[in-house]
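# Residue-level structure breakdown
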Amino acid sequence: MSLPPPRPSSAPLPPRWSALLLRWALPETLEGESILGDLLEEFRRRRQVLPSAARNWYRRQALSVMGHLAWRQSVRLASAWSRFFRRPFDWKGSSTMRDFSADIRFALRSFIKRPGFTIIALLTLALGIGVNTAVFNIVNAVLLRPLPVEQPGRLATVYATGASGTDYGTQSYPDYLDLRSQVEGFTSMTAYCHMFGNLQWEGRTELLIGEVADCNYFDFLGVRPQLGRGFLPEECVAEGARPVAVLGHDFWQKRFGGQADALGQTVSINDVEFEVVGVAPASFKGLMAGLSPALWVPIMMTETIEPVGMQDSAPSPGDTRLERRGQRWLTLVGRRAEGVSLEQAQSQVQTVMARLAQEYPRSNESRGALLLPTSEVRVHPDADTALGPVAYFLLGVVGLVLLIACANVANMFLARVSTRRREIALRLALGAGRGRLVRQLLTESVLLAGAGGALGILLALVSMSALAAMPLPIPITVDVDLSMDWRVLLFALGVSCATGIVFGLAPALQSTRSNLIPALKDADSSHSQGRRSRFGMRQALVVAQVALSTVLLVGAGLLARSFNQAQSIDLGFPADRLALMSFSLDTRGYSSEQGYSKLGELARKLEGLPGVEAAALANPGPFSLNVHQGDFRLPEQAPSENPHNLDLNRVGPGYFETLQVKILQGRGCALQDRPDSPRVAVVNKALAQRLWPRESAVGQRLLRADSRTPIEIVGISENYKVRTVGEAPRPFLNLCSDQAPTASSSILVRTRRPAREILPLLRSEVLAEDANMVFLEFGTLRQQADRSLFGVRAGALFLSGFSIFALFLAAVGLYGVIAYSVSGRTREIGTRMALGARAGDVQRQVVMQGMRLVLAGALLGIVLAGLASQFLSGVLYGIQPLDPASFLLAAGVLIGAALLANYLPARRASRIDPLLALRAE
């Protein structure tokens, strides 16, 4: 039974946003209600004739009304603005507040008088503050925003430790039941796991990501459904008895149009009809940042769906996941009782785990538990260790951009206050205090920064919308709530105030130190000081801008060259001529044998297509999102010794031939490796050298850490890349999948020409075989490899964009300093040219004046970049942090931009007419 399409309401409604804007703008009077009613009535009349034209008409009418209201409001504001500046401000308060209001009015008048300066400074600050606010909003959404649950500070996530190869493993359902009943420090516990499901909808099938959860999940978290209810206790008593579902808010809006009558209807997941009993609130999207479940189903339906994530398996009795104690797949969360510390809860959980290890040694030996505050876990502890440094890196980069923007605006303010030095000197001579003048100038800078911050917030909102719509190179949708909360707005306010003080304080202090006598005579004291001391504050700011720009340019060059080097790394197989398709047929009701047999038949059918050379099965395959590991030991190792945790793959006959990976000794998996034959495996060269460094690995045996069945090594393959492009040779074990069939597998296809050209044919052939087939992964192995480089490529683009912006700001600042210097030396240059100096000599002198600043900043920047590049060493492929080419490239780009910025004022200086210059002076 498929879901019906969303049903329109009986009374058609106008475009939502247009109606909301009108409702907000029009006054709540009879006149406003009358306008809204007339527009709605005319919209419904027009909609009966032509619906699309009616919506466009309503939007035009809304814009017309909004424009009229905006015009009336602007007239009122203009009138009030004129009265504000013409009449004295009568502040019935302290003298400090009267002075402050006067400073604000004076600052606004000065900005209006110099619109060019105001617009350039505003845009510069808006870009700097905007990118900082946008990046902080991302960091806030992923790392800082609290979980939308009840008392999140008392929640603790219970991870399994031991033989799973990580200290943050999952738990089994029987262990969960024992922990829930025996740990007194928890008032309650719940369990959940992400899942894949095939959603049948309107005649097609698509991949869906949800969660399977215990029936107390919503009550435990204190999440109240927006519609309906959560799960009932009786729905978690018998396996598969009650197929019910709670929908995520976004899925409810998408599939049911946000209609309340979704309750009681059904959704078809893996050919099972789930009754909709509730809808989660919009604020709740699960406990893992970025992965928003489409729906939740009870834990008793676990055999119907496919749990995904970190899983660990040890032999144990039982027919299903809910019965097998050794099958670990659940994430557990406990709520600490009042007064119970995390350490006390940890001790109690560890005591229970030790008792379980004694009662069930085969599945629980060496297994422990580790508790972490749930509010501190965003994705997974292993992944979270990388999120923090990445966040600090992003904030550091945009912080450098903001510093460069501040230096640029500070230079502009220095040039501006230098034209007001006679005014400032006159005020000082008449008795004005220096602190009063500094406060006035700081008011101007902070007010400008505040306006820039407001524009920056608008820029951040626009960039967040664009970022949310940007697709990522992964087969699942990353859903991060990028709406701005009070933390982001407080951050933007703090950055704006700090920015105003940073770029306004130095010009304010310097301008109020004016020498009164020359300033009152209107002599050019700034330039006379410049002759005595050629390196002033404006020059220092330019040097700082150039240095920071150099750091960003070097970082961008390192990441760009690293990405190029990574693409040329030999993967060990022809990635451009290999396609990978992943499927999970057990979610379609196939048994392991049936699903494996169907995928094998499909691989043989694809092998017969024109342009296809070979096809084979693998689970999971190179560069897959799934990572399979297992614990193995040598026969001579005692069971108490630490096992070898190895990456493993299950491959079918012809796998190595399809991948074109050479077998160095022995053979690969073959047709004779059947379920009833002795277990065999193929190791790569790295694993053979690690376990058997002095003898051949062929003929050796391995044991699973929890099994006594030996696995004979029948071949050694050449090393090839498994997880990432830049990894060192990774010890790898290939089990023969024919001996342990599974309904979840990938098909590797090698083509005669580039695989991307034949992907449409492969897809159509698969869907022709089964129209409901869902691709978990689909693409070429080159695309899979490039996906592992997504972080490096994104970092290179990110740094390149900001370094270009920073370089532009630095060039503008340099241009401003040199142009200001030339304008103050008109008489000097005119005299020199009158005495015979050539235009080329003048240009050379002016350019050298600017290039000295650039060289000083570049040298300082190279030193800083050399120190900062060490933090990038972990993500560089094929190059060193002190890569000479990257540094030379950055220096070349910097010098080219600097020469252009210097040439323009130098060209203007060389065209000064000596006669006119001397007359003007």
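Keep in mind that what you see is a predicted model, and the values were worked out from it rather than measured. (Residues numbered from 1 in each chain as written. Predicted model: local features only at pLDDT ≥ 70, side-chain atom pairs only at ≥ 80, totals over all residues. Heavy atoms only, no water.)

## A short note on the overall build of the protein chain
Which entries qualify depends on this criterion: A run of DSSP states H or I qualifies as a helix once it reaches four residues; a run of E qualifies as a strand once it reaches two. Both are numbered from the N-terminal end. Using a 1.4 Å probe on the protein chains alone, a residue whose accessible area is under 20% of its type maximum counts as buried, one over 50% counts as exposed, and one in between counts as partly exposed. For this analysis, residues touch if any pair of their heavy atoms sits within 4.5 Å. Residue exposure ignores everything except the shown protein chains as possible cover, and the areas themselves are Shrake-Rupley values with a 1.4 Å probe.
In terms of regular secondary structure, the protein chain is built from 27 helices and 24 strands. Scored against the burial criterion, the 921 residues of the protein chain give a buried share of 49%. Pairs at least 24 residues apart make up 79% of the contacts formed inside the protein chain by residues separated by at least 6 positions. About 43,300 Å² of surface is accessible on the protein chain, with carbon and sulfur atoms providing 59% of the total.

## Considering the side chain of Q545
Positionally, Q545 belongs in helix α17 (residues 537–567). Judged by relative accessible area, which is 0%, Q545 ranks as buried. Contact partners of Q545, with chain neighbours within four places excluded, come to I404, A407, N408, N411, L809, A810 and G813.

## Quick look at the packing of aromatic side chains
Our working rule: Each Phe, Tyr or Trp ring, with Trp reduced to its six-membered ring, pairs with another whose centre is within 6.5 Å; inter-plane angles below 30 degrees give stacked pairs, above 60 give edge-to-face pairs, and intermediate values give tilted ones. Only lysine NZ and arginine CZ atoms are considered, and such an atom sits over a ring when it is within 6 Å of the ring centre and within 35 degrees of the ring normal.
If you walk through the whole model with that rule in mind, you get 17 aromatic pairs. On the numbers, 5.9 Å between centres and 50° between planes, the contact of Y173 with Y176 is tilted. Taken together, the residues span about one helical turn, with Y173 and Y176 both in helix α6 (residues 173–182) at a distance of three residues. Judged by centre distance (6.4 Å) and plane angle (70°), the rings of F218 and F284 are edge-to-face. Here F284 lies in the loop between β7 (272–279) and β8 (295–298) and F218 lies in helix α7 (residues 217–221), a separation of 66 residues in the sequence. Comparing F218 with F284, the two get one shared label, buried. Taken together through their ring pairs, the aromatic side chains of Y192, Y217, F218, F231, F284 and W296 make up a single cluster. Above the ring of F220, the side-chain terminus of R335 is found at 5.3 Å from the ring centroid. Between the NZ or CZ atom of R763 and the centre of the ring of F778, over which it lies, the distance is 4.3 Å.

## Digging into the environment of P675
Relative to the assigned elements, P675 resides in the loop between β18 (663–666) and β19 (680–684). Given the relative accessible area of 40%, P675 is considered partly exposed. Taking the C-alpha atoms as reference points, P675 and Q739, 64 residues apart in sequence, are found 3.9 Å from one another. For P675, the contacting residues outside a window of four places in its chain are D738 and Q739.

## Examining empty space enclosed by the protein
Heads up, the rule is: In this analysis, the protein atoms alone were mapped onto a 1 Å grid. Cavities are point sets where a 1.4 Å probe fits without being able to get out; pockets are open sets with protein on both sides within 12 Å along at least five of seven lines; lining residues have an atom within 4 Å of a point. Grid points are joined across faces, edges and corners, and a volume is the space filled by probe spheres set on the points.
Taken as a whole and assessed by the stated rule, the structure comprises five cavities of 30 Å³ or more. Taken as a whole, the largest cavity encloses approximately 110 Å³ of empty space. Forming the walls of the largest cavity are 15 residues, and the residues nearest its centre are P620, G621, N626, V722 and F732. When residues in the lining of the largest cavity are grouped by element, the largest group, three residues, is from strand β17 (residues 644–651). If you add up the space inside the second largest cavity, you get close to 50 Å³. Looking at the second largest cavity, the residues that line it are V546, L807, A810, A811, L814, V854, L894, A897 and A898.

## Some points on the environment of G555
Here G555 is to be found in helix α17. For the pair G555 and S886, spaced 331 residues apart in sequence, the C-alpha to C-alpha distance is 8.1 Å. For G555, the contacting residues outside a window of four places in its chain are L799 and L872.

## Observations regarding helix α8 (residues 249–256)
Quick reminder of the rule: Arc definition: it is the arc formed by the directions from the helix axis to the C-beta atoms.
Looking only at α8, the buried set comprises H249, F251, W252, R255 and F256. Projected onto a plane normal to the axis of α8, the buried residues spread over an arc of 160° and lie on a single side. Note on α8: the residue one or two positions beyond its end, G257, has a positive phi of about 65°.

## Topic: the nonpolar core
Our working rule: Working definition of a nonpolar core: buried Ala, Val, Leu, Ile, Met, Phe, Trp, Tyr and Cys residues. They are joined through side-chain atoms within 4.5 Å.
Counting 84 residues, the largest nonpolar core has L552, F573, Y655, L659, Y720, L781 and L814 as its most contacted members. Apart from residues lying up to four places away in sequence, F573 is in contact with L578, P622, F623, L659, V661, Y720, K721 and L781. Counting 69 residues, the second largest nonpolar core, distinct from the first, contains C193, A213, A262 and A280.

## Some details on the state of the cysteines
The test is simple: Criterion for a disulfide: a pair of cysteine sulfur atoms within 2.5 Å.
Under the definition given, this model contains two disulfides. A sulfur-sulfur distance of 2.1 Å marks the disulfide that ties C669 to C736. Judged by the torsion about the S-S bond (-90°), the C669/C736 disulfide is left-handed. With C669 in the loop between β18 and β19 and C736 in strand β22 (residues 732–736), this pair connects stretches of sequence that are 67 residues apart. The burial state of C669 is the same as that of C736; both residues are buried. Ordering the disulfide-forming cysteines of the protein chain by sequence position, one finds them joined as 1-2, 3-4.

## Quick word on the pattern of salt bridges
For the record, the criterion: A pairing counts as a salt bridge when a side-chain nitrogen of Lys or Arg comes within 4 Å of a carboxyl oxygen of Asp or Glu.
Taken as a whole, this structure holds 23 salt bridges when the rule is applied. The residue E769 makes a salt bridge to K605 at a minimum N-O spacing of 2.8 Å. Placement of E769 in helix α21 (residues 759–769) and of K605 in helix α18 (residues 592–607) is noted, with a sequence separation of 164 residues between them. Residue D673 pairs with R667 through a salt bridge whose shortest N-O separation is 3.0 Å.

## Description of α21
The complete set of buried residues in α21 reads L759, L762, E765 and V766. In a view along the axis of α21, the buried residues occupy a sector of 130°, so they form one face of it. The exposed residues of α21 that point more than 90 degrees off its buried face are P760 and A768.

## A short note on the confidence of the model for the protein chain
Should pLDDT be low for a region, the predicted coordinates there are not to be read in detail. To be explicit about the condition: Values of pLDDT, the confidence the predictor places in each residue, fall between 0 and 100.
With 85% of its residues at a pLDDT of at least 70, the protein chain reaches an overall mean of 81. Within the model, pLDDT remains below 50 along residues 1–10, and this stretch shows 17 contacts once partners closer than five positions in the same chain are excluded. Note that pLDDT drops below 50 for residues 84–94; the model gives that stretch 13 contacts with residues more than four away or on any other chain.

## Here's the deal with a nonpolar patch on the surface
Stated formally: Patches draw on residues past 30% relative accessible area with no salt bridge. Two like charges within 9 Å are joined, as are two nonpolar side chains (Val, Leu, Ile, Met, Phe, Trp, Tyr) within 5 Å.
Together, Y815, L900, Y903 and L904 give the surface a local cluster of nonpolar side chains, amounting to about 390 Å² of exposed area. Counting residues per element, the nonpolar patch draws most heavily on helix α26 (residues 884–910), which supplies three residues. Among the residues examined, L900 registers a relative accessible area of 54% and is labelled exposed.

## A short note on the pairing of strand β2 (residues 186–201)
For clarity, the threshold we go by: Here, strands pair whenever DSSP counts at least two bridges between them.
Burial runs high along β2: 14 of the 16 residues are buried. With six bridges joining them, β2 and strand β12 (residues 331–336) adopt antiparallel strand pairing. Its bridge partner lying in β12, Y192 is registered against T331. Sheet topology places β2 next to strand β3 (residues 204–213); 10 bridges connect them, and they run antiparallel. If you follow C193 over to β3, its bridge partner there is V212.

## A word on the side chain of D786
The cut-off we apply is this: When charges are counted, Lys and Arg contribute as positive and Asp and Glu as negative, whereas His and the chain ends are disregarded.
Along the chain, the position of D786 falls in helix α22 (residues 781–788). It turns out D786 is buried and unbridged, and the closest side chain with the opposite charge, R782, is 4.2 Å from it. When residues no more than four places from it in sequence are discounted, the contact partners of D786 are Q567 and R793.

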